[in-house]
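# Secondary and tertiary structure notes
Below, each chain spelled out in residue letters.
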Amino acid sequence: MPSSVQGKKLFAPRIGVLNILQRTGIIILAVFILFGPGLVQVLDVDASQIRSWRMYSGVGIGAPYGTFDVLNSGEPVRSVSVVAAMEIDSIRGIQAYTGSGSLRRGFDADVAIRDAGELLCATLAPDESIRFSGRLAARGGWRPLTYSHDDLCGAL
Amino acid sequence: MLEWLWSGRGSTRPLGLFRILLILLLWNRFAADVALWNAAGPVEMLLGLTFFVLTGMALVGWQTRRVMALLAAVMALMYFHFGLNLGHAPWTHHHVYLLFICTLLCALGPCGRSFSLDRWLSVRAGTAGPEQGALLANRLFQLQLAAVYFWTAVDKTNADFLSGARLDQILHFHYDGSFLAPVILWTPLVIGAAVAVVIVEYFLAIGILLRRWLPAVFFFGFALHLTFYYLLPVSTFSLTMMAMYLFLLPPERVHDFFDRLFAPPNRPANEPQ
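First, a word on what this report is: a plain description of the structure on this page. (Residues numbered from 1 in each chain as written. Chains lettered and ligands numbered in written order. Predicted model: local features only at pLDDT ≥ 70, side-chain atom pairs only at ≥ 80, totals over all residues. Heavy atoms only, no water.)

## Observations regarding the nonpolar core
The tendency in soluble globular proteins is for nonpolar side chains to be buried side by side. Core analysis: the biggest nonpolar cluster contains 69 residues, and B:Phe18, B:Leu26, B:Phe30, B:Met78, B:Leu98, B:Leu140 and B:Tyr149 have the highest contact counts within it. No fewer than three residues from each of domain 1 (9-134) and domain 2 (142-252) of chain B sit in this core. Dropping the residues within four chain positions of it, B:Tyr149 is found in contact with B:Glu201, B:Leu204, B:Ala205, B:Ile208, B:Leu224, B:His225, B:Met241 and B:Tyr245. Judged by nonpolar contacts, the second largest core, of 44 residues, contains A:Val82, A:Ile88, A:Ala109 and A:Ala116. (Core = buried A, V, L, I, M, F, W, Y, C linked by side-chain atoms within 4.5 Å. Buried < 20%, exposed > 50% of the residue type's maximum accessible area, 1.4 Å probe, protein only. Domains from an automatic or database assignment. Contact = heavy atoms within 4.5 Å.)

## Let's talk about helix α3 (residues 42-60) of chain B
Helix length check: α3(B) (19 residues) gives 27 Å between terminal C-alpha atoms against 27 Å at 1.5 Å per residue, within 8%. The complete set of buried residues in α3(B) reads B:Leu47, B:Gly48, B:Phe51, B:Leu54, B:Thr55, B:Met57 and B:Ala58. (Helix = DSSP H or I, 4+ residues; strand = E, 2+ residues; numbered from the N terminus. Expected span 1.5 Å × (residues − 1).)

## Side note on the interface of chain A and chain B
In this complex, chain A contributes 40 residues to the contact, which on the side of chain B involves 41 residues. Here chain A and chain B share an interface that buries about 3600 Å² over both sides, 66% of which is from carbon and sulfur atoms. On the chain A side of the interface with chain B, the three residues burying the most area are A:Arg51, A:Trp53 and A:Tyr56, jointly 22% of the side's total. Where B:Asp168 meets A:Arg135, a salt bridge forms, and the shortest distance between an N and an O atom there is 3.9 Å. Summed over the shared surface of chain A and chain B, the result is 20 residue pairs in polar contact (both at pLDDT 80 or more). (Buried area = accessible area lost by both parts, 1.4 Å probe. Salt bridge = Lys/Arg side-chain N within 4 Å of Asp/Glu carboxyl O. Polar contact = N/O pair within 3.5 Å; in protein donor to acceptor, adjacent residues only side chain to side chain.)

## Some details on the pairing of strand β3 (residues 128-138) of chain A
Residue and element names in this part refer to chain A. As paired elements, strand β1 (residues 64-72) and β3 share nine bridges and run antiparallel to each other. Paired with Asn 72 across the bridge in β3 is Glu 128. Of the strand pairs in this sheet, β3 and strand β4 (residues 141-147) are connected by seven bridges, and their pairing is antiparallel. Its bridge partner lying in β4, Ser 133 is registered against Thr 146. Here β3 folds back onto β4 in antiparallel fashion, the turn holding two residues, of which Gly 140 has a positive phi close to 95 degrees. (Pairing = 2+ DSSP bridges.)

## Regarding the packing of aromatic side chains
According to the stated counting rule, one finds 27 aromatic pairs over all chains in the structure shown. With 6.0 Å between their ring centres and 70 degrees between their planes, B:Phe82 and B:Trp91 make a pair best called edge-to-face. Accessibility classification places B:Phe82 together with B:Trp91 in one group, the buried group. Between B:Phe219 and B:Phe220, the ring centres sit 5.1 Å apart and the planes meet at 80 degrees, which makes this aromatic pair edge-to-face. Among the aromatic residues, those joined into a cluster by ring pairs are A:Trp53, B:Tyr79, B:Phe80, B:Tyr97, B:Phe100 and B:Phe237. Positioned over the ring face of B:Trp6 is A:Arg23, at 4.4 Å from the centre of the ring. (Phe/Tyr/Trp six-rings, centres within 6.5 Å; stacked < 30°, edge-to-face > 60°. Lys NZ or Arg CZ within 6 Å of the ring centre and 35° of its normal.)

## Here's the deal with the side chain of B:His174
Here B:His174 lies in helix α9 (residues 165-175). For B:His174, a relative accessible area of 15% translates into the label buried. Ignoring any residue separated from it by four or fewer positions in sequence, one finds B:His174 in contact with A:Tyr56, A:Val59, A:Arg92, B:Leu232 and B:Pro233.

## With respect to unusual backbone geometry
Of note, the phi angle at A:Glu87 is positive, near 60 degrees, even though the residue is not glycine. Using a relative accessible area of 69% as the deciding quantity, one classes A:Glu87 as exposed. Positioned with a positive phi, B:Phe115 is a non-glycine residue whose angle comes to about 50 degrees. Looking at the element boundaries, B:Phe115 is found in the loop between α5 (94-107) and α6 (117-124).

## Some points on the sheet that holds β3(A)
As summarised here, the arrangement of the four strands in space is β2-β1-β3-β4 (chain A), forming an open sheet in which the pairing is antiparallel. With partners counted over all chains shown, the strands left at the sheet margins are β2 (75-81) and β4 of chain A, one partner each. Recorded for the sheet is a direction-independent mean angle of 20 degrees between the axes of neighbouring strands. Lying on the sheet, α9(B) is in contact with β1, β3 and β4 of chain A; it crosses β4(A) at an angle near 60 degrees. (Axes fitted to C-alpha atoms, helices over the stretch in contact; angles between N-to-C directions.)

## Here's the deal with the pattern of salt bridges
All names here are of chain B. In the structure shown here, the tally under the stated rule is eight salt bridges over all chains. The residue Glu 131 makes a salt bridge to Arg 13 at a minimum N-O spacing of 2.9 Å. Taken together, the residues span a long stretch of sequence, with Glu 131 in the loop between α6 and β2 (132-134) and Arg 13 in helix α2 (residues 13-34) at a distance of 118 residues. Considered together, Glu 131 and Arg 13 belong to a single accessibility category, that of buried residues. Connected through shared salt-bridge partners, Arg 13, Glu 131 and Asp 259 make up one network.

## Focus: the state of the cysteines
Overall, the coordinates contain one disulfide over all chains when judged by the stated rule. In this model, A:Cys121 is linked to A:Cys153 through a disulfide, with the two sulfur atoms separated by 1.7 Å. On the sign convention where negative means left-handed, the S-S torsion of about -75 degrees between A:Cys121 and A:Cys153 marks this disulfide as left-handed. Taken together, the residues span a long stretch of sequence, with A:Cys121 in helix α4 (residues 109-121) and A:Cys153 in helix α5 (residues 149-153) at a distance of 32 residues. Sulfur of B:Cys102: no disulfide; nearest cysteine sulfur belongs to B:Cys106 and is 7.6 Å away. Cysteine B:Cys106 remains unbridged, with the sulfur of B:Cys111 as its closest cysteine sulfur at 5.0 Å. For B:Cys106, a relative accessible area of 0% corresponds to the buried category. (Disulfide = S-S within 2.5 Å.)

## Observations regarding the pairing of β1(A)
Of the strand pairs in this sheet, β1(A) and β2(A) are connected by six bridges, and their pairing is antiparallel. Paired with A:Asn72 across the bridge in β2(A) is A:Glu75.

## Focus: a nonpolar patch on the surface
A surface patch of nonpolar side chains, amounting to about 330 Å² of accessible area, comprises A:Leu39, A:Val42, A:Leu43 and A:Val45. When you line up the elements, A:Leu43 lands in the loop between α1 (3-41) and β1. (Patch = residues over 30% accessible without salt bridge, like charges linked within 9 Å, V, L, I, M, F, W, Y side chains within 5 Å. Areas by Shrake-Rupley, 256 points an atom, 1.4 Å probe, with all protein chains shown as cover.)

Laid out in structure tokens, this is it:
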């Protein structure tokens, strides 16, 4: 028997096993591509290794919007936006403000507004007061934010 | 479905062209991250060196299948180890995972049989076969596209998104204070856009697998991705998704397109040779 024919016989079963393994691997990959995200998104499996397709799901969550009103004898005389009070260029700058580079880690809108309010309080004339009204981008929708003069300047 | 996965052979030109686009996207996304001037230590330097050698070889298509498999391993290392395990957040995003899975799927197909140095060397040696191969990788790309649209639509199918509130928050984060805010943050427009996005994504999830819907799939898919790309910082995500649309086209039509494109022009019959 020629050696090439012997070789074919020897290797034929191994090629078959490889083929089955290869096909099984591809099927697993295809199933994973199709249904893997469902494990996280539907069944709430806590596995960071499985990619969900929740694009932009956390972008902007936790960002506060609104204005500080400066009042003189109870009448508004000027208003200062959150962005201006925090001395940032835009609301996205809050991410740098946190120090973590993300709103998701280490950012608390309540603390940030009180900090900005305190800075503003220090600049007020004796008969002036401030208040804040705005809203917070929260999961589930917008949440109103209101702070009185005492909330913001109470510590001074 | 299994029969559909393994059935069919066709032109390898869509996969070859996608390989080139993918490498350009990888360079666009990672070149600065892994360049020598950004290396924090020997490990990062080695990672960068490996990345550039492998992507360079994959772009010209030399030892393409082996190189793409190694590149997929490097991408997995970057996403799973450096990104998820070591906490390098910029490498954990959706667009990075999409680049990784595209590299992996490319490696599963005959990605070096067209538009490659491998092809040119085999043509020169007189051993080149036809630019034909199994369409398994093409099918997996189609499944990946459909899965992305389906699951992202599922994620948006809730009152928070469909009421426009979630999209309003995203747009406020990027346009609050902008001169465009009065237009882009106009509530009826935001609500309409939120509903339209979900409808289009469900449509694409199904339409991708139905050939007769192909023109509409291309129209709405490209409109969706170009809008996202222009409106929001989505990095390479939109471009990668649009590049994947190559696998929705019949491979032979892509092949014929290049045949016609590179065919010598017809000379007038009376022109001297």
